[in-house]
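Per-entry structural report
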Amino acid sequence: YSGWKIVAEDVDRTLEGNDGWSLTKALHALCAKAQVKPPNVSVIQSSTPQAFLVGRHSSRTTLYVTQGFLDRLDAAEREAILAFEVAALKMGLQFNFLILGAFFDRTFWVLSGIDRLAAWTIGTRKRWAQSMTLWIVWPFLYLVQRLCLSPDDYFRVDRLAAELCENRNALR
């Protein structure tokens, strides 16, 4: 689902300059190799290691990382994930991720409303079979996802990330 709610509620701080993890230094080095403008970096207070891009255009994109990403991963693992995100940024996929995330978020919201309405109409006190409408609509959602992001896109991002990353073993 879309990261908008998470981003809006839990962003703690923006990383700039010299940080304790050398994240901005590694990110700027990867962006220089890829010849893209480095995104802003914001930290979300969460112990789960995650990183994702949000933005419409590569010049106005923000890379969100969690505190768990900074604390639980070593430098080589962080660099590998940053290389993947920079490769996606170079290919302009952050907009596709944003649109798909927003589309699926709204779609799941509408489908859950239809499920609740169907349960109310039938008069069941128990919940309607979880996501019955999703089972009906999933072939259409699959086609939408494939139109926006094909498996070949992921292979190209991986290939570019491998070129950018110093330690290719960390990409496994």
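Before reading on, note that the structure itself is shown above.
Reference entry: report on the structure contained in this document.

Quick notes on the rules
- Residues numbered from 1 in each chain as written.
- Predicted model: local features only at pLDDT ≥ 70, side-chain atom pairs only at ≥ 80, totals over all residues.
- Heavy atoms only, no water.
- Axes fitted to C-alpha atoms, helices over the stretch in contact; angles between N-to-C directions.
- Helix = DSSP H or I, 4+ residues; strand = E, 2+ residues; numbered from the N terminus.
- Parallel < 35°, antiparallel > 145°, perpendicular 65-115°, else oblique.
- Left-handed = near helix turned anticlockwise from the far one by under 90°.
- Contact = heavy atoms within 4.5 Å.
- Nonpolar A, V, L, I, M, F, W, Y, C, P; charged D, E, K, R; others polar.
- Phe/Tyr/Trp six-rings, centres within 6.5 Å; stacked < 30°, edge-to-face > 60°.
- Buried < 20%, exposed > 50% of the residue type's maximum accessible area, 1.4 Å probe, protein only.
- Lys NZ or Arg CZ within 6 Å of the ring centre and 35° of its normal.
- Expected span 1.5 Å × (residues − 1).
- Arc of directions from axis to C-beta.

Right, let's talk about the packing of helix H4 (residues 75–90) against helix H7 (residues 151–164) for a bit. Viewed as axis vectors pointing N to C, H4 and H7 meet at an angle of 125°, and their least axial separation amounts to 8 Å. Here H4 lies oblique to H7, going by the angle between them. In this structure, H4 meets H7 at a crossing whose hand is right-handed. Contacts between H4 and H7 involve Glu79, Ala83, Phe84, Val86, Ala87, Ala88 and Lys90 on the former and, on the latter, Val157, Asp158, Leu160, Ala161 and Leu164. Grouping the constituent residues of the contact of H4 with H7 by class yields nine nonpolar, no polar and three charged.

Another point: the packing of aromatic side chains. Per the counting criterion, the structure on display carries three aromatic pairs. Their ring planes at 25° and their centres at 5.6 Å tell us that phenylalanine 52 and tyrosine 64 sit as a pair that is stacked. Of this pair, phenylalanine 52 sits in strand S3 (residues 51–54) while tyrosine 64 sits in strand S4 (residues 62–66), and the two are twelve residues apart along the sequence. The class of tyrosine 64 is buried, set by a relative accessible area of 11%. Feature note: the residues Phe103, Phe104 and Phe108 constitute an aromatic cluster, connected by ring pairs. A cation over an aromatic ring shows up here: arginine 106 above the ring of tryptophan 109, its NZ or CZ 5.3 Å from the ring centre.

As a further point, take helix H5 (residues 93–122). Here H5 is 30 residues long and its end C-alpha atoms lie 43 Å apart, about the 44 Å a rise of 1.5 Å per residue gives. Three or more residues of H5 are buried, namely Leu93, Gln94, Leu98, Leu100, Gly101, Ala102, Phe104, Asp105, Thr107, Leu111, Asp115 and Ala119.

Now for helix H2 (residues 23–34). Structurally, the α-helix is built with 3.6 residues per turn, so residues lying three or four positions apart point the same way. With twelve residues, H2 extends 16 Å between its outermost C-alpha atoms, agreeing within 8% with the 16 Å of an ideal straight helix rising 1.5 Å per residue. Residues Leu23, Thr24, Leu27, Leu30, Cys31 and Ala34 constitute the buried set of H2. Down the axis of H2, the sector holding all buried residues measures 130°, keeping them to one side. Exposed and facing more than 90 degrees away from the buried side of H2 are Lys25 and Ala32.

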